[in-house]
Amino acid sequence: MGLFNKSYIGIDLGTANTLVAVRGKGIIIREPSVVAINKNTNEVIAVGMEAKKMIGKTPGNIIAIRPLKEGVIADFHITQKMLKYFMGKAMQGFNLSKPRVLIGIPSDITEVERKAVIEAAQMSGAKDVGLIEEALATAIGAGLPVNEPTGSMVVDIGGGTTDIAVISLGGMVVSSSVRIGGDDFDEGIIHYIKTKHNLMIGEKTAETIKMSIAAVSDINKDIYIDIKGRDLVSGLPRTVRFDQAQVCEAIEPTVYSIVDRVKNVLEKTPPELLSDIMNGGIAITGGGAFLPGVDVLLSRETGVHCYVAEDPLDCVAKGTAMVLEQGYTNIIFSHS
């Protein structure tokens, strides 16, 4: 039996969403990284989309948990249950057993955090587990010429982390992983509305605002959304109008933290590779790539052409699948 006669699964284990790809089949699962459990029995009630619908709406004995925070495992046991569910769904759908699993991880996670990811996957039914830096996986998934002797640059804005890397000859020359992402946009919106309007809203409402009207360039005050929340003075429900300019102001500190990291990576890039990047541009991937105007803002701030990759949310998962397809020899699998 050759190496690639075995079952292979690639996973983008993200703070906001988990994507699963099966070698030769592409992405087959794309669901929120959320688990609903019964506190009394520790029983899993729902995983993924069904669990996300329960956030903020469950009775006291049921809690909806996002087990990953800032790109790493915050709750090991819940993460293991979530992985077991998604891997089981993938294996059942394609009649797989004891697969080799390749998981995308932030480049700066600690050895303890790496071991936690491997152990969670092994306990979920993986025969062997390999890890690949998300920045490298997303660059491969975005179709950048990572194996060529030329500089490619990617900015992957996820839910909990932003991974930035300059890649050449299959390796990362300069990289940075900052634990800032889409969740911080949501928190910025919650804080802004609380401070400016004395109104408390939940994370689901903040995400709705972000997805509906957020932008960082070509701001239009005539674009707005009416939001409902709890008045912090009276304690009663109240509705306020929130326009695009206010959303931009709310998320601006987070956006510019990412801009500063991108500039920092560019400053550390060797001149020869910098020339390649000037010619080829910077690819933006991850959920944050959907933020209208993010490519325009990054282009303006860095002086380098930036563009949103095709299917930016899928790039890490697509990259893991491509690595498994092409049999990259630099991926080391840990045996269970």
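Within each chain, residues carry numbers counting from 1 in the order of the written sequence. Note on the predicted model: pLDDT of at least 70 is required for a residue's local features to be given, and 80 or more for side-chain atom pairs to be given and counted; whole-chain, interface and lining totals, by contrast, use all residues. Only hydrogens and water are set aside; all other atoms, that is, all heavy atoms of the structure, feed into the side-chain values.

Formally: UniProt positions are given in the numbering used here, feature names are shortened, and annotations may be inferred rather than shown by experiment.
Per an unreviewed UniProt entry, the chain goes by Cell shape-determining protein MreB and derives from Alkalibacter rhizosphaerae. Reading the Sequence similarities (unreviewed entry) entry of the UniProt record for the chain gives the comment "Belongs to the FtsA/MreB family."

## Details of the sheet that holds strand β4 (residues 35-38)
The following threshold applies: When DSSP finds two or more bridges between two strands, those strands count as paired. Only runs of H or I of at least four residues qualify as helices and only runs of E of at least two qualify as strands under DSSP, and these elements are numbered from the N terminus. The convention used is that axes are lines fitted to C-alpha atoms, helices contributing only their stretch in contact, and that angles between N-to-C directions extend from 0 to 180 degrees.
Read across the sheet, three strands follow the order β5-β4-β6 without closing on themselves; strand pairing throughout is antiparallel. In this open sheet, the two strands that pair with only one neighbour each are β5 (43-47) and β6 (62-65). Taken pair by pair, the neighbouring strands of this sheet meet at an average axis angle of 25°, ignoring direction. Here four bridges tie β4 to β6, and the two strands are oriented antiparallel to one another. When the sheet's bridge partners are listed, valine 35 is paired in β6 with isoleucine 65.

## What about the UniProt feature "binding site: ATP" (unreviewed entry) in the chain?
How we decide: Burial status follows relative accessibility: with a 1.4 Å probe on protein chains alone, a residue under 20% of its type maximum counts as buried, one over 50% as exposed, and anything between as partly exposed. Contacts are residue-level and defined by heavy atoms, with any inter-residue pair within 4.5 Å sufficient.
When the UniProt feature table is mapped onto this chain, "binding site: ATP" (unreviewed entry) is found at Thr15, Ala16, Asn17, Gly159, Gly160, Thr161, Glu207, Thr208, Ile209 and Lys210. Along the chain, alanine 16 turns up in the loop between β1 (8-13) and β2 (17-22). Given a relative accessible area of 25%, alanine 16 falls into the partly exposed group. Other than its neighbours up to four places away in sequence, alanine 16 contacts Pro32, Ser33, Arg66 and Gly159. On the secondary structure map, threonine 208 appears in helix α6 (residues 203-213). Owing to a relative accessible area of 41%, threonine 208 belongs among the partly exposed residues under this scheme.

## Regarding the side chain of threonine 285
The condition is simple: Polar contact is defined as a pair of N or O atoms within 3.5 Å, subject to the rule that within protein one atom must be able to donate a hydrogen and the other to accept it, and that residues adjacent in sequence are counted only when both atoms are side-chain atoms.
With respect to the helices and strands, threonine 285 occurs in strand β17 (residues 282-285). With relative accessibility at 0%, the residue threonine 285 sits in the buried group. A polar side-chain atom of threonine 285 sits 2.9 Å from a polar atom in the side chain of threonine 138. Not counting chain neighbours up to four residues away, the residues in contact with threonine 285 comprise Thr138, Ala142, Val154, Val155, Asp156, Ile157, Ala309, Pro312 and Cys315.

## Comments concerning the nonpolar core
Quick reminder of the rule: Definition used in this section: a nonpolar core is a set of buried Ala, Val, Leu, Ile, Met, Phe, Trp, Tyr and Cys residues joined via side-chain atoms within 4.5 Å.
With 44 residues, the main nonpolar core has Met153, Ile189, Ile209 and Phe242 as its most contacted residues. For this core, the element with the most residues is helix α7 (residues 244-268), which contributes nine residues. In this view, phenylalanine 242 contacts Ile189, Tyr192, Ile193, His197, Ile209, Ile213, Ile223, Tyr224, Ile225, Ile227 and Val247; residues no more than four positions away in its chain are not counted.

## Considerations on unusual backbone geometry
Of note in the backbone geometry, asparagine 198 takes a positive phi value of approximately 50° without being a glycine. With respect to the secondary-structure elements, asparagine 198 resides in the loop between α5 (182-197) and β14 (199-200).

## Side note on the pattern of salt bridges
Quick note on the threshold: Think of a salt bridge as a Lys or Arg side-chain nitrogen and an Asp or Glu carboxyl oxygen that are within 4 Å of each other.
Across all of its chains, the model carries 14 salt bridges by this definition. Here glutamate 113 ties to arginine 179 by a salt bridge, and the two come within 3.2 Å at their closest N and O atoms. Residue glutamate 113 is found in helix α3 (residues 111-123), and its partner arginine 179 is found in the loop between β13 (171-178) and α5; the two are separated by 66 residues along the sequence. Taking relative accessible area as the criterion, arginine 179 reaches 25% and is therefore assigned partly exposed. Note that lysine 210 is salt-bridged to aspartate 186, the shortest N-O span being 3.1 Å. Of this pair, lysine 210 sits in helix α6 while aspartate 186 sits in helix α5, and the two are 24 residues apart along the sequence. Grouping residues by exposure puts lysine 210 and aspartate 186 together as buried. Each of Arg66, Asp183 and Glu203 takes part in one network of salt bridges that share partners.

## Regarding the packing of α7 against helix α9 (residues 294-302)
Worth spelling out the cut-off: An angle counts as roughly parallel when it lies under 35 degrees, as roughly antiparallel when it exceeds 145, as roughly perpendicular when it falls between 65 and 115, and as oblique in every other case. Two helices crossing with the near one rotated counterclockwise from the far one by less than a right angle form a left-handed crossing, whereas a clockwise rotation gives a right-handed crossing. Asp, Glu, Lys and Arg are counted as charged, while Ala, Val, Leu, Ile, Met, Phe, Trp, Tyr, Cys and Pro are counted as nonpolar; the rest, among them Gly, fall into the polar class.
Where α7 meets α9, the closest approach of the two axes is 10 Å, and the angle between their N-to-C directions is 45°. With respect to each other, α7 and α9 are oriented oblique. Once α7 is placed against α9, the crossing between them reads as right-handed. Within the contact between the two elements, α7 uses Val255, Tyr256, Val259, Val262, Lys263 and Leu266 and α9 uses Leu297, Leu298, Arg300, Glu301 and Thr302. Residue composition of the contact of α7 with α9, by class: seven nonpolar, one polar and three charged.

## Focus: the state of the cysteines
Cut-off, in case you're wondering: By disulfide we mean two sulfur atoms from cysteines, separated by a distance within 2.5 Å.
Taken as a whole, this structure holds zero disulfides when the rule is applied. Here cysteine 248 is not disulfide-linked; the sulfur of cysteine 306 is the nearest cysteine sulfur, at 17 Å. A disulfide-free cysteine, cysteine 315 has its sulfur positioned 15 Å from the sulfur of cysteine 306, the nearest such atom. For cysteine 315, a relative accessible area of 0% puts it in the buried group.

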